[in-house]
Structure formats: C-alpha cells, structure tokens
Amino acid sequence: MNCLGIDPGVALTGYGFVEKTEEGYLTTGYGCIKTGKKLAYGERLEIIYNTILEHINNFKPDFLAVERLFFGRNVTSAGNVYQARGVILLAAHRSNIPVVELWPTQIKLHICGEGHANKKDIQERVKNMLALEKVPKPDDTADALACAIAGLQQGM
C-alpha cells in the first residue's frame, strides 16, 4: 500500500510518497511545492492544485494523508493554509483518491509514540524509518513524509 502525505501551505506545500512493505517503509519520492510571493493568490493555489494532480497521476497513491490544521493565534495564515488544503482535497476528490486527515498530535503519536514530540525528534525518526541519509528539507517535506507514514500506520 502506498500513500501521498501532504503538509499543506501556500508558500510551501510539502509532499512525500511512502510505501509500506513487509520490511518497513520506503519513500518513492518527496519534495516541496514552492509558490512565489509575487504571484496572484489564485495562481499560487492553482500551482498547488495542478502539482498535486500531476503527482497523483504519476505515483498513483492508494490514498492521501493530509495534516489537519490547528491554529491558536494567527487567523490570517490559518485562512490561507485552509485554502491550500481545500485545493489539495479537491485534487484528491477529482482523482477519486480517498483521504485520511490526521491531527498533528496523531502524527506525532504514530511517528514517535508520543503526541507532544518535538519537530527535531519527528524529523530524525522519519529519516531513520525511511533509511534516509539526512533529514529531508525543508521541514514541510519531512512533515509530509511523517504524515504519509502515520496515514499508513492508521490505515484506510
């Protein structure tokens, strides 16, 4: 079974493809969708949407795992991230791909066994679980891989 994990954002959207094998977890690709601040907002969302569709078509994941959002203070950035999340969910819907939505604490629990693990611990654990030489950068990419692994552990 394979999963496309996504850490949504407007400036940076991390993505990572993870396959669950008998030996453990294997990544078949990961990266970050970057949109320029000088672009019109709608154009930035369109880039995210089209890139996610392209990745779905190329990698054919069994499902998507997308991080649910929790914002305590910055309502403006929350609204922007929710819009990016919306086009990601639309891309999955249009591709008939099921979606698992995970809270950050669920991802941390699946990856580190503790719902309040810090970012560095999660990144190191992802690196080790996927047998990578170094932690994927930027952070959004490592977060997306963590989301994919957690999605596979939780199952559809």
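Check the entry above for the structure.
What this report covers is the structure whose coordinates are included nearby. (Residues numbered from 1 in each chain as written. Predicted model: local features only at pLDDT ≥ 70, side-chain atom pairs only at ≥ 80, totals over all residues. Heavy atoms only, no water.)

Okay, the environment of glycine 16 next. Here glycine 16 is to be found in strand S2 (residues 12–20). The class for glycine 16 is buried, based on a relative accessible area of 0%. With 126 residues separating them in the primary sequence, glycine 16 and alanine 142 have C-alpha atoms 7.9 Å apart. Setting aside anything within four residues of it in sequence, one finds glycine 16 in contact with Cys3, Leu4, Gly5, Gly29, Tyr30, Ala144, Leu145 and Ala148. (Helix = DSSP H or I, 4+ residues; strand = E, 2+ residues; numbered from the N terminus. Buried < 20%, exposed > 50% of the residue type's maximum accessible area, 1.4 Å probe, protein only. Contact = heavy atoms within 4.5 Å.)

Pairing in this open sheet of 5 strands is mixed, and the strands run S3-S2-S1-S4-S5 from one edge to the other. The sheet is open, and its two borders are formed by strand S3 (25–34) and strand S5 (99–102), each paired with just one other strand. Averaged over all adjacent pairs, the angle separating strand axes in this sheet is 20 degrees, with direction ignored. Two elements, strand S4 (residues 63–67) and S5, share 4 bridges in a ladder whose sense is parallel. By the bridge assignment for S5, valine 66 is matched with glutamate 101. Contacting strand S1 (2–7), S2, S3 and S4, helix H1 (residues 41–59) crosses the sheet at an angle of about 160 degrees to S3. (Pairing = 2+ DSSP bridges. Axes fitted to C-alpha atoms, helices over the stretch in contact; angles between N-to-C directions.)

Looking now at unusual backbone geometry. The omega torsion of the bond from lysine 137 to proline 138 falls at -5 degrees, within 30 degrees of zero and hence cis. Topologically, proline 138 is positioned in the loop between helix H4 (119–129) and helix H5 (139–154). The backbone of lysine 60 shows a phi angle near 50 degrees, a positive value even though the residue is not glycine. The backbone phi angle of alanine 131 is positive, close to 55 degrees, even though this residue is not glycine. Among the secondary structure elements, alanine 131 is positioned in the loop between H4 and H5.

The next subject is the packing of aromatic side chains. According to the stated counting rule, one finds 2 aromatic pairs in the structure shown. Judged by centre distance (6.2 Å) and plane angle (70 degrees), the ring pair of tyrosine 15 and phenylalanine 17 falls under edge-to-face. Taken individually, tyrosine 15 and phenylalanine 17 each receive the classification buried, so the pair is uniform in this respect. Summarising the aromatic geometry, the rings of phenylalanine 17 and phenylalanine 59 are spaced 3.8 Å apart at their centres and angled 20 degrees between planes, so their arrangement reads as stacked. Within this pair, whereas phenylalanine 17 is found in strand S2, its partner phenylalanine 59 is found in helix H1, the two being separated by 42 residues in sequence. Judged by its relative accessible area of 32%, phenylalanine 59 falls in the partly exposed class. (Phe/Tyr/Trp six-rings, centres within 6.5 Å; stacked < 30°, edge-to-face > 60°.)

It is at 10 Å that the axes of helix H3 (residues 104–112) and H4 come closest, and there the two elements cross at 50 degrees. Judged on the interaxial angle alone, H4 and H3 are oblique. When the axes of H3 and H4 are compared, the crossing they make is left-handed. Along the contact surface, H3 presents Lys108, Ile111 and Cys112, while H4 presents Asp121, Ile122, Arg125, Val126 and Met129. Among the residues forming the contact of H3 with H4, the class breakdown is 5 nonpolar, no polar and 3 charged. (Parallel < 35°, antiparallel > 145°, perpendicular 65-115°, else oblique. Left-handed = near helix turned anticlockwise from the far one by under 90°. Nonpolar A, V, L, I, M, F, W, Y, C, P; charged D, E, K, R; others polar.)

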